[in-house]
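Chains, contacts and geometry: an overview
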Amino acid sequence: MASDPRDPPPYFNIDPDHALAELGVGTDSSGFARIAESCARGRADLTGRGMSPAGRKTLRLFSTWEITRYLIPVAAAHFRRVLRQNPDLPQGQAASEAGAKWFTLDEVLRLRAHFAAEGSRAKEYRPYRPEGLPAKVVAVANFKGGVGKTSTCAHLAMSAALDGYRVLVIDLDSQGSMTSIFGGQVPDEWGTVFPMLARHYATHLQAENRNRSARGDDPLPLDDTLSEAMELRAADLIQTTHWPNIDLIGAQLNLYWAEFQIPVWRMQVRGWKLWDALGDMLEADGLLDQYDVIFLDTPPALGYLTINGLSAADILLVPLGASFLEFDSTGRFFDMLHSTFSSIEDVENMAARALGREGLHFEWDAVRVVITRYDMSQQAELAALMQAYLGPVLSPHRQDYTALIGQAGEQVSGIYEADYRDFNRETYARGRQTFDATYAAFKRLLVGSWRREELARAEAEEA
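Residues numbered from 1 in each chain as written. Predicted model: local features only at pLDDT ≥ 70, side-chain atom pairs only at ≥ 80, totals over all residues. Heavy atoms only, no water.

Counting its regular elements, the protein contains 18 helices and 11 strands. Reported as C-alpha extents along the three principal axes, the dimensions of the protein are approximately 85 × 80 × 50 Å. For the protein, the proportion of its 463 residues judged to be buried stands at 46%. Considering only intrachain contacts with a sequence separation of at least 6, the fraction spanning at least 24 residues in the protein is 78%. Accessible surface, the protein: about 24,300 Å² in total, of which carbon and sulfur atoms supply 53%. (Helix = DSSP H or I, 4+ residues; strand = E, 2+ residues; numbered from the N terminus. Buried < 20%, exposed > 50% of the residue type's maximum accessible area, 1.4 Å probe, protein only. Contact = heavy atoms within 4.5 Å. Areas by Shrake-Rupley, 256 points an atom, 1.4 Å probe, with all protein chains shown as cover.)

Pasting the structure below:
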């Protein structure tokens, strides 16, 4: 029942005895375990509602309308005609003989391959990806929580997959929200990127020990953790997901241990370039050839995991809301990025100059700030001011908040996993419009950076 506005505010005249009765007993450290267990049961229940009876999340089907509207650039009538002419192609499922046809994404990918081989050369059935160039690594980062970092990263990964790219998602955040979105199961830190970072250090330690042996010094110990990490490769960590062309290296709470272990390793061997660990392992394990785009969801902090992600990235996306506090915090984030990476460069280059070696220079193909959860009716003026100050660094596209986003969050899924029959076509089309535009802005960065490399390669070959 609504209170009478003439009543005194509720914080007046609180009875101490009533407050004591509501307070209940105190909580000790074991109470945290009970709360965590309750959350785990609830999380399993909520996540399980989007899973198959076998315990795995499943991806919904896609209708002929969706395929010809969003996925394959062909007219619906021509699409149906091609299916009739090629009975060996996936024919889809129908609820009734006269009903609409529905296809799995696997089937959509097969159909896209057919149209790419047999269709018009003037149409882009497969997304642009130069042969022989490595995957692009994309980090989504901000140390301000609640800015839509994980949801933006997830939706870009899903967009890229729907576009036909082979995608790897790496969750660097020990909270594991991205892992939950993609239905990952990670029992401990040995299913995260931690073994990749440990192997990078162990490899450097072995090289250091060879140098120490040559000098007559005692070797540094290779402990059980490092020995075990040396036996693992990225393929041992990668999980398939309910998306046929999205794979996952997940995260869980124990990954946070890396934030304490990495500086210990660095102190033991000062020459270890900790910031190169993830990027070097992505290359060493062949992931830059196996995938087209690798998305890194970073923690909301500028720790060692985030530094590794940013160092490995070709493209950096920084989501934020159109509010003063988020704008202010994001400015401080960039200030910290400058301090961190320029400090690494200064120290490394001082040593490089003394040894006559090439210096270190961090560089990214593109850095863009993206406004998320945008409400034009209330935030247009502030967004325009942010655009004026940030200029081309701020993406001109602003990601609107829609009801579709809210429902996706409640269901631990992405908006591209929502079935438009739960709304209607028009509502669904409007709801996904803002994310399609976000992906289009990102894809221009992706295609442009590949094209620059492609032209540079051609120029080098001609020289």
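On we go.
Time to look at a nonpolar patch on the surface. A surface patch of nonpolar side chains, about 340 Å² in accessible area, is lined by Tyr-256, Trp-257 and Phe-260. Its place among the elements puts Phe-260 in helix α11 (residues 258-268). (Patch = residues over 30% accessible without salt bridge, like charges linked within 9 Å, V, L, I, M, F, W, Y side chains within 5 Å. Salt bridge = Lys/Arg side-chain N within 4 Å of Asp/Glu carboxyl O.)

It is worth spelling out the pattern of salt bridges at this point. Using the criterion set out here, one finds 18 salt bridges in the structure. As a salt-bridge pair, Lys-149 and Asp-297 come within 3.2 Å of each other at their nearest N and O atoms. One end of the pair, Lys-149, is in helix α6 (residues 149-162); the other, Asp-297, is in strand β8 (residues 293-297), with 148 residues separating them in the sequence. The exposure class assigned to Lys-149 is buried, which follows from its relative accessible area of 7%. Looking at Asp-297, the relative accessible area reads 1%, which means it is buried. We note a salt bridge from Asp-292 to Arg-166, for which the minimum N-O separation is 2.9 Å. Within this pair, whereas Asp-292 is found in the loop between α13 (287-290) and β8, its partner Arg-166 is found in the loop between α6 and β5 (167-171), the two being separated by 126 residues in sequence. According to the relative accessible area criterion, Asp-292 is buried, its value standing at 6%. The class of Arg-166 is partly exposed, set by a relative accessible area of 38%. Members of the salt-bridge network, linked through shared partners, are Lys-136, Asp-365, Arg-452 and Glu-453.

Sheet architecture is open: eight strands sit in the order β6-β7-β5-β8-β4-β9-β10-β11, paired in mixed fashion. Two strands in the sheet have a free side with no partner beyond their single neighbour: β6 (239-240) and β11 (394-400). Sheet topology note: the β5/β8 ladder contains five bridges and is parallel. Bridge pairing in β8 places Val-169 opposite Phe-295. (Pairing = 2+ DSSP bridges.)

Our next topic: the packing of helix α8 (residues 194-215) against helix α12 (residues 277-284). Taken N-terminus to C-terminus, the directions of α8 and α12 make an angle of 95 degrees; their axes are 9 Å apart at the nearest point. Looking at the two axes, α8 sits roughly perpendicular to α12. Facing α8, whose interface residues are Met-196, Leu-197, Arg-199 and His-200, α12 presents Ala-277, Leu-278, Asp-280, Met-281 and Leu-282. Looking at side-chain class alone, the contact of α8 with α12 contains six nonpolar, one polar and two charged residues. (Axes fitted to C-alpha atoms, helices over the stretch in contact; angles between N-to-C directions. Parallel < 35°, antiparallel > 145°, perpendicular 65-115°, else oblique. Nonpolar A, V, L, I, M, F, W, Y, C, P; charged D, E, K, R; others polar.)

Tracing the backbone through its elements, the reader meets Gln-239 in strand β6. Apart from the residues lying within four places of it in its own chain, the contact partners of Gln-239 are Gly-184, Gln-185, Val-186, Asp-247, Leu-248 and Gly-250.

Once that is clear, we can look at the sheet that holds strand β2 (residues 93-94). Backbone-to-backbone hydrogen bonds join strands into a sheet, with any given pair of strands oriented parallel or antiparallel. The strand order across the open sheet formed by three strands is β1-β3-β2, and the pairing between neighbours is antiparallel. Pairing within the sheet leaves two strands with one partner each, and these edge strands are β1 (62-63) and β2. Note: β1 against strand β3 (residues 101-103), two bridges, orientation antiparallel. If you follow Ser-63 over to β3, its bridge partner there is Trp-102.

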